[in-house]
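Listed below, chain by chain, are the residues.
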Amino acid sequence: MNIYKDYIKEIEERKAQGLNPKPIDGAELLGEIIAQIKDLANEHREDSLKFFIYNTLPGTTSAATAKARFLKEIILGESVLPEISPAFAFELLSHMKGGPSIEVLLDLALGDDVSIAKDAATVLKTQVFLYDADVDRLRVAFKSGNETAIEIIKSYAQAEFFTKLPEVPEEIKIVTFIAGEGDISTDLLSPGNQAHSRSDRELHGKCMITPQAQDEIKSLQELHPDKSVMLIAERGTMGVGSSRMSGVNNVALWTGKKASPYIPFVNIAPIVGGTNGISPIFLTTVDVTGGIGIDLKNWVKKLDADGKIVRNESGDPILEEVYSVATGTVLTINTRTKKLYNGDQELIDISKALTPQKMEFIKAGGSYAIVFGKKIQTIASKILEIEIPLVYAPSKEISYEGQGLTAVEKIFNKNAVGLAPGKVLHAGSDVRVEVNIVGSQDTTGLMTSQELESMAATVISPIVDGAYQSGCHTASVWDKKAQANIPKLMKFMNDFGLITARDPKGEYLSMTDVIHKVLNDIVVDEWAIIIGGDSHTRMSKGVAFGADSGTVALALATGEASMPIPESVKVTFKGDMKDHMDFRDVVHATQAQMLQKFGGENVFQGRIIEVHLGTLPADQAFTFTDWTAEMKAKASICISEDDTLIESLEIAKGRIQIMIDKGMDNHRQVLQGLINKADKRISEIKSGEKPGLIPDANAKYYAEVVIDLDVIVEPMIADPDVNNKDVSRRYTHDTIRALSFYGGDKKVDLGFVGSCMVHKGDLKIVSQMLKNLEEQQGKVEFHAPLVVAAPTYNIIEELKKEGDWDVLQKYSGFEFDDKAPKVAARTEYENMMYLERPGCNLCMGNQEKAAKGDTVMATSTRLFQGRVVEDSGLKKGESLLASTPVVVLSAILGRIPNMQEYKAAVVGIDLTKFAPPVKQLSR
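Residues numbered from 1 in each chain as written. Predicted model: local features only at pLDDT ≥ 70, side-chain atom pairs only at ≥ 80, totals over all residues. Heavy atoms only, no water.

**Observations regarding the nonpolar core**
For step 1, the next point in the chain: Residues F52, I84, M455 and V543 are the most contacted members of the largest nonpolar core, which totals 113 residues.
For step 2, the next point in the chain: When near neighbours in sequence (up to four residues on either side) are disregarded, F52 contacts L30, I33, I34, I37, K67, F70, L71 and I84.
For step 3, the next point in the chain: L519, W805, M857 and V887 belong to the second largest nonpolar core, which has 85 residues in total. (Core = buried A, V, L, I, M, F, W, Y, C linked by side-chain atoms within 4.5 Å. Buried < 20%, exposed > 50% of the residue type's maximum accessible area, 1.4 Å probe, protein only. Contact = heavy atoms within 4.5 Å.)

**So, the pairing of strand 22 (residues 608–614)**
For step 1, the next point in the chain: Summarising burial for strand 22: 7 of the 7 residues are buried, a large majority.
For step 2, the next point in the chain: Judged by which residues are buried, strand 22 turns out to be covered on both faces: I608, E610, H612 and G614 on one side and I609, V611 and L613 on the other are all buried.
For step 3, the next point in the chain: Note: strand 21 (residues 568–574) against strand 22, 4 bridges, orientation parallel. Within the sheet, the bridge partner assigned to S568 lies in strand 22 and is I608.
For step 4, the next point in the chain: For the segment spanning strand 21, helix 23 (residues 583–597) and strand 22, crossover handedness is right-handed.
For step 5, the next point in the chain: Sheet topology places strand 22 next to strand 23 (residues 635–640); 5 bridges connect them, and they run parallel. Bridge pairing in strand 23 links V611 to C638. (Helix = DSSP H or I, 4+ residues; strand = E, 2+ residues; numbered from the N terminus. Pairing = 2+ DSSP bridges. Right-handed = clockwise from strand over helix to strand, strands pointing away.)

**With respect to the sheet that holds strand 7 (residues 271–274)**
For step 1, the next point in the chain: One open sheet holds the 7 strands; their spatial order is 8-7-3-1-11-12-13, and the pairing between them is mixed. Across the chains shown, the open sheet's two edge strands, defined by having one partner strand only, are strand 8 (292–295) and strand 13 (345–349). On average, adjacent strands in this sheet sit at an angle of 30° to one another, irrespective of strand direction.
For step 2, the next point in the chain: Examined bridge by bridge, strand 1 (residues 171–181) and strand 11 (residues 330–334) share 5 bridges and lie antiparallel to one another. From the neighbouring strand, K173 faces strand 11, where its bridge partner is T332. (Axes fitted to C-alpha atoms, helices over the stretch in contact; angles between N-to-C directions.)

**A word on the packing of helix 2 (residues 27–38) against helix 3 (residues 45–54)**
For step 1, the next point in the chain: Between helix 2 and helix 3, the shortest axis-to-axis distance is 8 Å and the interhelical angle comes to 130°. On the basis of their axis angle, the class for helix 2 and helix 3 is oblique. Note on packing geometry: the crossing formed by helix 2 with helix 3 is left-handed. Between helix 2 and helix 3, the residues in contact are L30, I33, I34, Q36 and I37 and R45, S48, L49, F51 and F52, respectively.
For step 2, the next point in the chain: Looking at the contact of helix 2 with helix 3 residue by residue, the classes come out as 7 nonpolar, 2 polar and 1 charged. (Parallel < 35°, antiparallel > 145°, perpendicular 65-115°, else oblique. Left-handed = near helix turned anticlockwise from the far one by under 90°. Nonpolar A, V, L, I, M, F, W, Y, C, P; charged D, E, K, R; others polar.)

**A closer look at empty space enclosed by the protein**
Empty space among the atoms becomes apparent when a probe as large as a water molecule is rolled across them.
For step 1, the next point in the chain: Scanning the model with the defined rule gives 12 cavities of 30 Å³ or more in all.
For step 2, the next point in the chain: Of the volumes computed, that of the largest cavity is approximately 150 Å³.
For step 3, the next point in the chain: V240, G241, S279, A629 and K632 are the residues nearest the centre of the largest cavity, which is lined by 17 residues in total.
For step 4, the next point in the chain: Taken together, the residues that form the lining of the largest cavity break down as 6 nonpolar, 7 polar and 4 charged. (1 Å grid on protein atoms, 1.4 Å probe; cavity = no way out; pocket = protein on both sides within 12 Å on 5 of 7 lines; lining within 4 Å. Points joined across faces, edges and corners; volume = space filled by probe spheres on them.)

**Here we look at the sheet that holds strand 23**
For step 1, the next point in the chain: One open sheet holds the 4 strands; their spatial order is 23-22-21-24, and the pairing between them is parallel. Each edge of the open sheet is held by one strand with a lone partner, namely strand 23 and strand 24 (703–708). On average, each strand axis in the sheet is inclined to that of its neighbour by 25°, with strand direction left out of account.
For step 2, the next point in the chain: Pairing analysis gives 6 bridges linking strand 21 to strand 24, with the strands arranged parallel. When the sheet's bridge partners are listed, V571 is paired in strand 24 with V705.
For step 3, the next point in the chain: Sheet contacts for helix 18 (residues 407–415): strand 21, strand 22 and strand 23; angle to strand 23, the most-contacted strand, approximately 100°.

**Describing helix 29 (residues 804–811)**
For step 1, the next point in the chain: Within the sequence span of helix 29, burial applies to D804, W805, V807, L808 and Y811. Along helix 29, the residues classed as buried sweep out an arc of 155° about the axis, all on the same side. (Arc of directions from axis to C-beta.)

**Some details on unusual backbone geometry**
For step 1, the next point in the chain: The backbone of K632 shows a phi angle near 70°, a positive value even though the residue is not glycine.
For step 2, the next point in the chain: The residue D721 is not glycine, and still its phi comes out positive at about 50°.
For step 3, the next point in the chain: Structurally, D721 is set in the loop between strand 25 (716–718) and strand 26 (736–738).

This is the structure:
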C-alpha cells in the first residue's frame, strides 16, 4: 500500500496549500484503489470510492484504462458493488471521453448479451471521440449484419450525439468583472513564471490575476448565484500575447461551469469581453471550451462637430464611454436576438460572438466535439452510402466572381477539405483545412499531451508532414521542475510520433533551439499551413497560426483545423534603407507608420499581414513575421521572389539535414521526407511548373499600407510607456519611438540579445560591434549586463566556423555548459556579457528574469508587465524592445545611446539590410 499511502501524504500536503487531492492519472495507484474498493471491509474503501468515481482523469491515461476495465467487470456482473450499479457504471463510462472507455463500450455493444449491448449502444450514440480502430470495428460488425452496429451507425449518420443535446438557453445572465484596464495579456491570466504548474489545473488556477481578484470573483458569484461572471478588458483587448489554453482554463475554473461531475477541475463555458474585442488566438481557445467572447465596443473615439477625431496632447484619440460595464453590472446575452442588454436597454449587436458555428460550440461544450462529430457523421454516412444529412450549420461560403485571391485565400483554397470541385472561396468563408506542420512547445506541451489523452488520441495523424516538440521555453534553467516534467513530455511526444528536442532513449544530444526557428526551418513549402503552440508561430514560408495547446492537440490528432479565411492587409515598401539602420527598425516603423496612416486604428488586428519582402531570405524575413504577433495580426505571409524562396529552401534543407545527422529522425523518416519535399518544390520553381506563391493582381484587401523606408532615419524602439497617465496605453507594443526621444541619458540596467527575433546575422552584429568598439576605444567595458542567447545550436556551430564565436567568448564572463546546466535561475547580474544556452531565456519570463524595477533593453518581443522584469516597490520594471546594435550599445554604455554614439558604433558593420523587390509580386 505504499503508493496509496504516498497519495494520502500528498493529499495532506496539498490541503495545507488549500488544494484538493491531485487527479489520478496512473494505473498503479488506481489499481490499488480498486483493490480497496473490492475489499468491503477495507478501512480506506469509502475514500477509494470517491477517488475512483470523482478524481480519475479520463481519456487514454493508464488510470482511465484501469477504470474502464473495472467498470466493464461491474456491468458484466463479475464484480458487484452496492455503490456502483451497472447503470451507474455505464454513466461513468459515458463521461470518460474515448480511448479505453470506447473499447469497453464496443466490447459490450458487440457482445452476446442483448440487454447489455442495448445499454452500451445507448451510451455509444452519445460519444464522438472515436478513431480509426474504433470505427473499423463498427464497420466490420455493420457489414456482418450486427443489428447493434447498424443502429449505432445510423445514429451517427444523423449526428444524434449532437442533435439530442439540450439547446443553448435563450437568455444568459452575466455579471461583469473588470479584470484590468487596457490590454489584458494571457500572462495576467496564466503567468509564464508559473508554467511548471499548468498541468495541475487547480494549483495553476491560484495564479490567475491576483488573490484579491479571485476573492472579488467569488463575492460576485455569491451575490449572483444564477449568473456567470464575465471577465472584461476595459478599454483594451482581452487575451493578447501568448497563446494560453491555461489562461482560458483558469478563467473557466473561476467563472465557468463543470464539464462533468466526474472529471476534476475541468470547467467550460467562460464568458469574456473586451472594449476592443478578444485576441484572435485567445478567442479560438475560448471556442475550444464552448465559451463566449464579446467585442464590447463600450468606448469609442470622440468626434468633434465636423466628425473629426478629437485627440489629446499626445496625439492619441480621446475615448468616450458609450455604456458602462463596471464591475457588478448585470447584463443579459440574448442568443436569439444576438444582442447584449442591460435590463430592457439594448447595448450592442453581438452576432459575431454568436454565429451558427459558435452556437454549436456552446451547445456541444466546445469545438472539439463538433470537429469529431462532423468527422464521425461523414464516416457513418459513407458506410451507409447516403448523402450526409444536414445537421450542422452549413459552412459560410463567400465567393466573388471575377475577384482574384490574396495569398492566404490561395493557401486555404488549396488545403481545403470537402470543398466542391471548382469552388473558390474568399475571406470570411468558413473552411476546414489540412495542416502540414505542427509545433508543440515545452511549457504548454504537458497540457497538449493531456488534451491528446482526453480526446483519446494515441498517434499523430498520417496526413501531417512533420511535427516538432521543443525544449526551448525551459532551456535556461534545468531545475527540479524541468527535470521532472520535460523528459516525461518528450517521451510522450516521441511515442506519439513527433520529432523531439530530447531523445527519450538518450541517443542524441538534447536540443533547446527556439521552436519558431525550428519550425521556420522545417517548413519546406510556401503553400503550407502550420499550427503551433505559441503566439509567435508565424513562419516566413507558408501561413502559420499560433494556437492554444488544445488546438495543437487537435491538429496532431486529426491533421485538420477549422477557421474562417481571414482578411488580409497588404504591406509593401518604397524608398531606400539607410546604411546605419537595421531591419528590426523597419519592422517597428511598419507598425508606427500603419497607426499613423489610419489615425490610430490598428488595421492589422485579427487579419493576415501579407508582407511583400521579396528579396529577404527566410531567416531574416522571420524578424518581420515573428513581430506580427505584437501587431495583433492573426498571422502573416511573406511574399518572396523565386530566387529568394529557393535560397530559403536550400537553407532549410541544410538545417534539416543537421537534425538527421544528429539522429533525430524517426521510423517514419519524417525529416528525410521534408528534404524530399523541399527538393521537389525547388524543382517546380526552377522549371516554372509551379512558381512561388504570389497573390492575384485583382485580389481585394481590407487595407494596403506602403512603408516609406526613406523616413526611417533613427533606430525605432517599442516602449511599454509604463508611466502613461492613460492606463490603457501602457504595455501595448503600439508606442514606437525614435532613438532621439530618449536624449541619450535614459539609464539601462540590463541588455538582452536573444529569443526568436534574432537570427545568425544578429549574433555576428554583436561580434562586429565588440571588435569595432575595441578599435575605437581601446577596450570594451560593460556598464550594464548583456545577456546573449543564440536561438539555435546550428547558429552557434556556424559562428564557430566563421570565427565570431571566438570574439563573443573573449568578451563574455559566463558561457553555458550543457554538461552542467544551471539548476537555479540567476538572481543577480554583473556588468559583463553572459553567453546563455540557446532558447527563450528572459523573453519567456518563467525562469530567468531581470532584477525588479530594472529598465531592460531587449531584442525580445515581450514588454508586458512582469514578463521580462517585475515592478519593485520604488520603480516600475520596463522592457524596451529594439534592434541588436541598440541593445548592445545600451548595455555597454549603461544607457540608451544618442544618435552620434550609435552611428559611430555601427560604422562598417554589416547590419541586416533590406531592399524592396524591384518588380510587383502579383500576377
